[in-house]
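# Coordinates in review
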Amino acid sequence: MTLNITDIELFALLKAKIGEKEATAVINYVKQETAAAASKTHEYFNKDIANLQSHVDEKFKDMATKDFVQKEISNSKADMMRAMYITSFIQILSIIGGILALAKFIK
């Protein structure tokens with residue numbers, strides 16, 4: 001195990017009070033317990049993240065994707081253009097019909 005500055009300071013204080021062997025044992029024990037607690041906390045958070053991810057996946061499983069939305073917009077544009085062409089064609093036919101009816105009326 002490597003010692004950082006706080007371990008060295010703690011070791012110096014403990015060595016003066018309880019001796020070198022006991023100070024080393026205390027520091028090693030604290031490091032092991034800290035590592036064990038950190039590992040348990042890490043496992044707990046990993047389980048929480050996995051649980052949260054499954055809830056998010058379940059909640060948004062039916063949500064539309066970007067590709068689906070783009071395809072629907074493209075289809076809507078095509079349908080709108082088709083409707084505009086049909087409407088324009090009907091208007092042109094109406095104008096031609098009106099002109100022909102007017103021409104017969106004038107003769």
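Residues numbered from 1 in each chain as written. Predicted model: local features only at pLDDT ≥ 70, side-chain atom pairs only at ≥ 80, totals over all residues. Heavy atoms only, no water.

## Quick notes on the overall build of the chain
We count it as follows: The helix count covers DSSP runs of H or I at least four residues long, the strand count covers runs of E at least two residues long, and both are numbered beginning at the N terminus. This radius of gyration counts C-alpha atoms alone. The globule rule is 2.2 Å times how many residues there are, raised to the power 0.38. Exposure categories follow from relative accessible area, calculated using a 1.4 Å probe and restricted to protein chains: below 20% of the type maximum is buried, above 50% is exposed, and the middle band is partly exposed. Areas reported as accessible are Shrake-Rupley estimates using a 1.4 Å probe. Residue values count occlusion only from the protein chains shown.
Scanning the chain from N- to C-terminus turns up three helices and zero strands. Each helix (α) and strand (β) of the chain, taken in turn from the N terminus, gives the series α-α-α. The C-alpha radius of gyration computed for the chain amounts to 40 Å, which surpasses the reference 13 Å derived for 107 residues by more than 25%, pointing to a less compact arrangement than a globule. In terms of its C-alpha atoms, the chain occupies a principal-axis envelope of roughly 130 × 25 × 15 Å. Taken across its 107 residues, the chain has 5% of its residues classed as buried. Accessible area of the chain: about 9800 Å², with a carbon and sulfur share of 66%.

## With respect to the packing of aromatic side chains
Using the following cut-off: Planes of paired rings set the category: under 30 degrees apart is stacked, over 60 is edge-to-face and the rest tilted, where pairs are Phe, Tyr or Trp rings (Trp by its six-membered ring) whose centres lie within 6.5 Å.
Here the structure, examined in full by the defined rule, presents one aromatic pair. Between Tyr-44 and Phe-45, the aromatic rings sit 5.7 Å apart at their centres with planes inclined by 65°, giving edge-to-face as the arrangement. Judged by relative accessible area, Phe-45 falls into the partly exposed class, the value being 45%.

## A few points about the pattern of salt bridges
What counts is decided by this rule: Whenever Lys or Arg places a side-chain nitrogen within 4 Å of a carboxyl oxygen from Asp or Glu, that contact is recorded as a salt bridge.
Across all of its chains, the model carries one salt bridge by this definition. Put simply, Asp-79 and Arg-82 hold a salt bridge, and the shortest N to O gap is 2.9 Å. Note that Asp-79 and Arg-82 are positioned in helix α3 (residues 66-106) at a spacing of three residues, about one turn of the helix. Given the relative accessible area of 42%, Asp-79 is considered partly exposed. Residue classification places Arg-82 among the partly exposed positions, given a relative accessible area of 49%.

## Quick word on the confidence of the model for the chain
Where we set the bar: By definition, pLDDT measures how confident the predictor is in each residue, and it falls between 0 and 100.
Put simply, the chain has an average pLDDT of 84, and 93% of its residues get 70 or more. Taken element by element, the predicted model of the chain shows its lowest mean pLDDT in helix α1 (residues 5-18) (72) and its highest in α3 (91).

## Re a nonpolar patch on the surface
What counts is decided by this rule: Only residues above 30% relative accessible area that lack a salt bridge enter a patch, with like-charged residues linked at up to 9 Å and the nonpolar side chains Val, Leu, Ile, Met, Phe, Trp and Tyr linked at up to 5 Å.
On the surface, a cluster of nonpolar side chains totalling about 340 Å² of accessible area is made up of Ile-18, Val-26, Tyr-29 and Val-30. No other element matches helix α2 (residues 20-59), which puts three residues into the nonpolar patch. Checked against the element boundaries, Ile-18 lands in helix α1. On the basis of relative accessible area, Ile-18 is assigned to the partly exposed category, the value being 39%.

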